[in-house]
Amino acid sequence: DAGITQSPRHKVTETGTPVTLRCHQTENHRYMYWYRQDPGHGLRLIHYSYGVKDTDKGEVSDGYSVSRSKTEDFLLTLESATSSQTSVYFCAISSVPRVPGAGNEQFFGPGTRLTVL
Amino acid sequence: QKEVEQDPGPLSVPEGAIVSLNCTYSNSAFQYFMWYRQYSRKGPELLMYTYSSGNKEDGRFTAQVDKSSKYISLFIRDSQPSDSATYLCAMKRGSTLGRLYFGRGTQLTVWP
């Protein structure tokens, strides 16, 4: 999993409670991403970060916030969890291309399975 | 209409068969094309990464991109039971921070 860990790996929580998921990387990559994966929808981008304290919204950002205070950690917070946020959450990382104009691959962590009752 | 379309299958083939997996897309700005393999309850694993049109081969895997038709393919030769997984196509526009657009994945089973 390319030096990426996610915690917790499984969580069950109740509607209305706050939840924070953590992504930790040991690759010193600049870019980090949070996706959710749901049946029938595939992977969808929630938020991403292009550096410490630099973040932006993705496709499905409502109800989520993120923070990145260190290169290696990217946190995803559900301020008040809802049943529609039951999903599998994946963190991904990518590096700055070594050659201008070249692509840069995204590598994924093992995922966090979140159930909101 | 989703920007990336992928038949979810399921696809079931015997061991040794040639497997063809495909995606179509609508955005002509996509330049980078990827295939990920995802085993059950695991994270997606990058298999192939290609830029623009053409073929790329890596062992038993060949990725093809036809930008004129907005069509990409992944071929698996001599398929093995260990190839049983969900295969996700993905693509993006720019080279650095570009968001990935994923297909919904095709579930493949290779039976002995």
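Our subject is the structure that appears above.
Owing to the predicted nature of the structure, the values given are computational and were not obtained by experimental measurement. (Residues numbered from 1 in each chain as written. Chains lettered and ligands numbered in written order. Predicted model: local features only at pLDDT ≥ 70, side-chain atom pairs only at ≥ 80, totals over all residues. Heavy atoms only, no water.)

Trainee: Please clarify how the state of the cysteines should be interpreted in this entry.
Mentor: Working definition of a disulfide: a covalent bond connecting the sulfur atoms of two cysteines. Residue and element names in this part refer to chain B. Applying the stated rule across the entire model yields two disulfides over all chains. Here Cys 23 is linked by a disulfide to Cys 89, with a sulfur-sulfur distance of 2.0 Å. The disulfide joining Cys 23 to Cys 89 has a torsion of about -105° about its S-S bond and is therefore left-handed. Note that Cys 23 is positioned in strand β3 (residues 19–25) and Cys 89 in strand β9 (residues 85–92), a separation of 66 residues in sequence. (Disulfide = S-S within 2.5 Å. Helix = DSSP H or I, 4+ residues; strand = E, 2+ residues; numbered from the N terminus.)

Trainee: Could you clarify how one ought to interpret the pattern of salt bridges in this entry?
Mentor: Any two side chains of opposite charge can pair if their charged atoms end up close together. Residues and elements named next belong to chain A. A complete count under the given rule lists eight salt bridges over all chains for this structure. We note a salt bridge from Asp 73 to Arg 22, for which the minimum N-O separation is 3.0 Å. With a gap of 51 residues between them, Asp 73 in strand β8 (residues 73–78) and Arg 22 in strand β3 (residues 19–25) connect regions that are remote in the sequence. Taking the relative accessible area as the measure of exposure, Asp 73 reaches 8% and is therefore buried. Given a relative accessible area of 34%, Arg 22 falls into the partly exposed group. (Salt bridge = Lys/Arg side-chain N within 4 Å of Asp/Glu carboxyl O. Buried < 20%, exposed > 50% of the residue type's maximum accessible area, 1.4 Å probe, protein only.)

Trainee: Help me understand the interface of chain A and chain B, please; the structure alone is not making it clear to me.
Mentor: Note: interface size is frequently given as the accessible area lost on complex formation between the parts. Each partner contributes residues to the interface: chain A has 27 residues there, and chain B has 21 residues. Of all residues in chain A, the largest losses of buried area upon contact with chain B belong to A:Leu43, A:Gln106 and A:Phe108, amounting jointly to 22% of the total for that side. At the surface where chain A touches chain B, the tally comes to one salt bridge. Here B:Arg99 and A:Glu59 are joined by a salt bridge, their closest N and O atoms 2.8 Å apart. Our count for the contact surface shared by chain A and chain B stands at four residue pairs in polar contact (both at pLDDT 80 or more). Of all the secondary-structure elements, those providing two or more residues to the side of chain A that touches chain B are β4 (31–38), β5 (42–51) and β10 (107–108) of chain A. By residue number, the principal contributor to the side of chain A that touches chain B is β5(A), which donates six residues. Its residues placed into classes, the side of chain A that touches chain B shows 13 nonpolar, 10 polar and four charged. (Contact = heavy atoms within 4.5 Å. Buried area = accessible area lost by both parts, 1.4 Å probe. Polar contact = N/O pair within 3.5 Å; in protein donor to acceptor, adjacent residues only side chain to side chain. Nonpolar A, V, L, I, M, F, W, Y, C, P; charged D, E, K, R; others polar.)

Trainee: What should I look at first to understand unusual backbone geometry in this one?
Mentor: Among all residues save glycine, negative phi is the norm, and among peptide bonds the norm is trans. Here the residue pair A:Ser7 and A:Pro8 is connected by a cis peptide bond, since its omega of -10° sits within 30 degrees of zero. Relative to the helices and strands, A:Pro8 is located in the loop between β1 (4–7) and β2 (10–13). With an omega of 10°, the peptide bond running from B:Gly9 to B:Pro10 counts as cis. Residue placement: B:Pro10 occurs in the loop between β1 (4–6) and β2 (11–14). The backbone of A:Asn28 sits at a positive phi, close to 60°, despite the residue not being glycine. With respect to the element layout, A:Asn28 can be found in the loop between β3 and β4. Non-glycine residue B:Arg41 carries a positive phi angle of around 65°. Residue B:Arg41 is classed as exposed on the basis of its relative accessible area, which comes to 57%.

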